[in-house]
Amino acid sequence: MSPDSGTPYLPAPFTTSPTPLTLITRGAEAALYKTTFLTPHQPCALKIRPPKPWRHPTLDARLTRQRILAEARALVKCGREGVRVPQVLGMSWEEGWVALEWIAGRTVKDVIWGWRAEGAEKGDAWLRGLLGKVGRAVGLLHSIGVVHGDLTSSNMIVEEQGSTAGEGEIVLIDFGLATQAVQEEDRAVDLYVLERAFGSTHPREEALFGVVLEAYAGSYKGAKATLKRLEDVRMRGRKKSMIG
Amino acid sequence: MEVITLPHLEQHPLSVCLFRNVQNAAFLRQQLLQANHDFEYAFLDASVLLSRTHVLAACFRAITDVLHARLKSHNVHSEIVFALSPNNNIADSFRRFGISDQSTNILAIKVGGDASQIEAHLMQHVQGTPVLFTDATLQTMRDPARIRKIYRVDVASKEAEAFILGTMALKGS
Ligand SMILES: Nc1ncnc2c1ncn2[C@@H]1O[C@H](COP(=O)(O)OP(=O)(O)OP(=O)(O)O)[C@@H](O)[C@H]1O
Ligand SMILES: [Mg+2]
């Protein structure tokens, strides 16, 4: 069965709920619904990790638990240290769900695609402004000792501010692979993952990725050393792809 | 008294009443200690409550833990008290969030039941002034030093609620 077909899995108590759940995305690992939580006025991103029938049940339960807890722990830490991320409203690692504060806005990926679709008429400077924010957001995350683990332009939201889309702050999301108390190497790999993902998702904007790194360089004390390490990581990456 | 319906837990309405200047906390506490069935409430000391959302998050956790047969205490009402606590020590959670003989501002919560009967029962037995259960009222009742000691967070900071909800959600992990 492909993960994109069949009846969506919902754990209790969401199975019987008259409160609307709107499916936003459904990936291999998780489905994301928009709903409300705790009060009818609190919009919520409900992330559900259904059991994977192709995995051994014990292993599956352990992985689900690990991802949910990794995400919640990283989000709570970020929130406490003043890094803007969705707030954790509730969760159950047994049933595989976490209720997160809903962030109104569009993913960086959609914003960049939108920029291109409009014929880049907002100009390079505008896009550079956005990429600078991305670099600073990642730098701030690294400065508090959190590594994201899956940095892509779809795992960051440009928070809506008033009516102007694409002008707000960057909110990082999707922390299921996040780790804490990490080494320079981990931070460098985090950047490398973003660089590669950016290049394949935004081939025409690839040349501007340097703007992300420039902004990152000035964002915390160890940033320059991490960027130096990034060069080694790239080198290894290239060797591997030549062999592989 | 207010009846609150939590999204996704519509079959489990909460009857909630906040009282100021309660005179008979010792009596109420006695009823809980004697497991008097007429007093199946979560009685919380309002001085350690940050906000409405803080309380509702504990209720959501307690009710779902009951639905999944994961109770750590006797019933859903004691589980609400326990859910507020950052750690797994049940006695500790009762001492911190439950009422003491000296409590004066008390939040009473009952899950399910007939709202008008609950209201009548509370008005009859709690000697205090019912007030609106709002963030503004809670703010006048809370003791920032006690909350800071329990959760290790500055109550005045804008990150406080997110951190407290996160800590509660991570409990037992
Ligand atoms: N808190 C949120 N507020 C608003 N939208 C969100 C939020 N979290 C996620 N989304 C939307 O849902 C999409 C998928 O969410 P997310 O990236 O967390 O899950 P995922 O990629 O399926 O998970 P994973 O990679 O861990 O399997 C995001 O790209 C974003 O569009
Ligand atoms: Mg994602």
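Residues numbered from 1 in each chain as written. Chains lettered and ligands numbered in written order. Predicted model: local features only at pLDDT ≥ 70, side-chain atom pairs only at ≥ 80, totals over all residues. Heavy atoms only, no water.

## Structural notes on the side chain of Thr226(A)
Residue and element names in this part refer to chain A. In this structure, Thr-226 sits in helix H6 (residues 223-243). In this structure Thr-226 comes out as buried when scored by relative accessible area, which is 0%. Ignoring anything within four residues of it in the chain, the contact list for Thr-226 reads Glu-184, Arg-187, Ala-188, Leu-191, Tyr-216 and Tyr-220. (Helix = DSSP H or I, 4+ residues; strand = E, 2+ residues; numbered from the N terminus. Buried < 20%, exposed > 50% of the residue type's maximum accessible area, 1.4 Å probe, protein only. Contact = heavy atoms within 4.5 Å.)

## A short note on the packing of aromatic side chains
The geometry of two aromatic rings is summed up by the distance between their centres and the angle between their planes. Summed over all chains, the structure comprises 10 aromatic pairs over all chains. Measuring from centroid to centroid gives 5.3 Å for Phe198(A) and Phe209(A), while their planes differ by 45°, and the two rings are tilted. Of this pair, Phe198(A) sits in helix H4 (residues 184-201) while Phe209(A) sits in helix H5 (residues 209-217), and the two are 11 residues apart along the sequence. An angle of 90° between the planes, with centres 5.5 Å apart, marks the rings of Tyr216(A) and Tyr220(A) as edge-to-face. The exposure class of Tyr216(A) is buried, given its relative accessible area of 0%. An aromatic cluster is present here, built from Phe14(A), Phe37(A), Trp97(A) and Phe60(B) joined pairwise through their rings. Positioned over the ring face of Trp126(A) is Lys122(A), at 4.3 Å from the centre of the ring. Just above the ring of Tyr41(B) sits the side chain of Lys110(B); from NZ or CZ to the centre is 5.2 Å. (Phe/Tyr/Trp six-rings, centres within 6.5 Å; stacked < 30°, edge-to-face > 60°. Lys NZ or Arg CZ within 6 Å of the ring centre and 35° of its normal.)

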